[in-house]
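Spelled out, the chains give:
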Amino acid sequence: MKNRIFVSVLFVLVIISCGKGKVKVKDPILDTNKVNVVDTADTNITHTSGTQFNADSAYAFISKQMSFGPRIPNSTGHKNCGDYLISTFKKYTDKVIVQSFNATAYTGTVLKGRNIIARFDEKNPNRIVLFAHWDTRPFADRTEATKSQPVPGADDGGSGVGILLEIARQLKASPAKIGVDIILFDCEDYGDAAGRPESYCLGSQYWAKNPPIPAYGPKYGILLDMVGARNASFLKEGFSRQYAANIVDKVWNTAIGSGYGAYFINADGEPVTDDHYFVNTLAKIPTIDIINKSSSGFGNHWHTPADNMDIIDKSVLKAVGQTLMNLIYTEQ
Ligand SMILES: [Zn+2]
């Protein structure tokens, strides 16, 4: 009995869905939505208007990156994921720049890197820039037992990129008043844990020393690194306060005012040598880092094989993504 009812209901639903499908083709907005759903391989995504950040979509973008395996420079997964990021950006903007480079890692290995840049409203002189790194660490060297394994990189790399891909999708759907650049740095995490901090962040250092856009002068920059893990907390990181204190206050005030004070903590954190350090010191663009680091460190999953989709929390993605959206769409 239940089955018969179920089959009948299913039949009606199939007819309704077919009907909706035809309407979608005629409606450009719904049609765009349909493309997005296919793109992110998540049929449960509900499209929301202009300034609403969609955490389901960001999550799907992280999951997609993970499907390539670890994104270790010189690996097939790295190349395939880079190609995917470029082609995805090209759906959202005509202006995508790929900066290819070779960088020598501390191990002596020459890494083939690509910094991937997506520009929105490129002629607008009033602009900001958002950063993340898209490579993942080759060694889970947080513990001796796992150091020969790679880091899967759902959070460390994947989360920042996932949020920025979703913002790119939103910027195409609802252009902002300001110009926005999104820059995905490569070769961030191939550094020497026992050595110089400069052994990390090879992509951002190359970009700062070899500017691909002449006379580049955005008002400020925001770096996202490890912005998707459960129980994340974002303190006001030290170099961010040193080089861009007003931007730290602006972003934290926006986050707290948007109801995300549980994640954006109004307290000072230690300095972390991350990509923003080189953006500040070499490219001289005041840039902050939103990074999950509390007094007990970067989280238990950091640089371990546990950095996988299990630790990604959509409410954290929402807190970070919506804060950025609220900032972007109110900047004049
Ligand atoms: Zn890392």
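Every value quoted in this text rests on a predicted model; they were computed, and no experiment measured them.

**Student:** Pulling in residues and values, what's your account of the overall build of the protein?
**Tutor:** Across its full length, the protein carries nine helices and eight strands. Within the protein, the fraction of its 332 residues that count as buried is 47%. A sequence separation of at least 24 residues applies to 76% of the contacts in the protein between residues at least 6 apart.

**Student:** Provide a residue-level description of the packing of helix α3 (residues 55–66) against helix α5 (residues 154–173), including the pertinent values.
**Tutor:** Relative orientation of the contacting elements α3 and α5 amounts to 130°, with a least axis distance of 8 Å. Comparing the axis directions of α3 and α5 gives the class oblique. At the point where α3 passes α5, the crossing takes the right-handed sense. The segment α3 lies against α5, with S57, A58, Y59, F61, I62, Q65 and M66 engaging A154, G158, S159, V161, G162, I163, L165, E166 and R169. Its residues assigned to classes, the contact of α3 with α5 comprises nine nonpolar, five polar and two charged.

**Student:** I'd love a proper account of the sheet that holds strand β1 (residues 95–104), names of residues and values included.
**Tutor:** Sheet architecture is open: six strands sit in the order β1-β2-β4-β3-β5-β8, paired in mixed fashion. Two strands in the sheet have a free side with no partner beyond their single neighbour: β1 and β8 (287–291). The average angle at which neighbouring strand axes cross in this sheet is 20°, direction not considered. In the sheet, strand β2 (residues 110–120) pairs with strand β4 (residues 179–185) via five bridges, with the strands oriented antiparallel. Bridge pairing in β4 links I117 to I183.

**Student:** Please provide a residue-by-residue account of helix α6 (residues 202–209), values included.
**Tutor:** Of all the eight residues making up α6, six are buried; the element is thus mostly covered by neighbouring parts of the structure. Tucked into the core, α6 has its buried residues touching β1, β2, β3 (127–133), β4 and α8 (275–281).

**Student:** Explain the pairing of strand β5 (residues 221–225) to me, using residue names and the numbers behind them.
**Tutor:** Burial within β5 is extensive, with five of its five residues counted as buried. Burial along β5 is two-sided: G221, L223 and D225 and I222 and L224, pointing in opposite directions, are all buried. Here β3 runs beside β5; their pairing, made up of three bridges, is parallel. Opposite L130, over in β5, you have I222 as the bridge partner.

**Student:** Requested: an account of the environment of A262, with residues and values cited.
**Tutor:** Looking at the secondary structure, you find A262 in the loop between α7 (238–257) and β7 (264–268). Judged by the 14 C-beta atoms lying within 10 Å of it, A262 falls in the partly exposed class. Between the C-alpha atoms of A262 and A319, which are 57 residues apart in sequence, the distance is 9.2 Å.

**Student:** Any chance you could break down α7 for me, citing the residues and the numbers?
**Tutor:** Helix length check: α7, at 20 residues, gives a terminal C-alpha distance of 22 Å against a target of 28 Å (1.5 Å per residue), a shortfall beyond 12%. Summarising the contacts, the buried residues of α7 are in contact with β5, β6 (234–236), β7, α8, β8 and α9 (314–328). Phi turns positive one or two residues past the end of α7, at G259, with a value near 95°.

**Student:** Give me the lowdown on the environment of G203, citing residues and values where you can.
**Tutor:** Position of G203 relative to the elements: it lies in helix α6. Excluding residues within four positions of it along the chain, G203 makes contact with G113, N115, H133, F185, D186, C187 and E188.

**Student:** Quick one: what's the story with the pairing of β2, residue by residue and with numbers?
**Tutor:** For β2, a buried count of nine out of 11 residues is recorded, marking the element as mostly surrounded by other parts of the structure. Direction of pairing for β1 relative to β2: antiparallel, over a ladder of 10 bridges. Its bridge partner lying in β2, T104 is registered against V110.

**Student:** Lay out the confidence of the model for the protein in plain terms, naming residues and giving numbers.
**Tutor:** Per-residue confidence for the protein averages 88 on the pLDDT scale, and 85% of its residues sit at or above 70. In the model, residues 1–49 has pLDDT below 50 throughout and makes 29 contacts with residues more than four positions away in sequence or in other chains.

**Student:** Requested: an account of unusual backbone geometry, with residues and values cited.
**Tutor:** One non-glycine residue, D121, lies in positive phi territory at about 55°. Tracing the backbone shows D121 in the loop between β2 and β3. Positive phi, normally seen in glycine, also occurs at M226, with a value near 60°. For M226, the position within the fold is in the loop between β5 and β6.

**Student:** Can you tell me about the packing of helix α4 (residues 76–92) against α5, naming the residues and giving the values?
**Tutor:** At a closest axis distance of 8 Å, the pairing of α4 and α5 adopts a crossing angle of 20°. It follows from the interaxial angle that α4 and α5 lie roughly parallel. The handedness of the crossing between α4 and α5 comes out as left-handed. Contacts between α4 and α5 involve T88, F89 and Y92 from the former and L165, A168, R169, L171 and K172 from the latter.

Analysis parameters
- Residues numbered from 1 in each chain as written.
- Predicted model: local features only at pLDDT ≥ 70, side-chain atom pairs only at ≥ 80, totals over all residues.
- Helix = DSSP H or I, 4+ residues; strand = E, 2+ residues; numbered from the N terminus.
- Buried ≥ 20, exposed ≤ 12 C-beta atoms within 10 Å, placed from the backbone.
- Contact = placed C-beta atoms within 7 Å.
- Axes fitted to C-alpha atoms, helices over the stretch in contact; angles between N-to-C directions.
- Parallel < 35°, antiparallel > 145°, perpendicular 65-115°, else oblique.
- Left-handed = near helix turned anticlockwise from the far one by under 90°.
- Nonpolar A, V, L, I, M, F, W, Y, C, P; charged D, E, K, R; others polar.
- Pairing = 2+ DSSP bridges.
- Expected span 1.5 Å × (residues − 1).
- pLDDT = per-residue confidence, 0-100.

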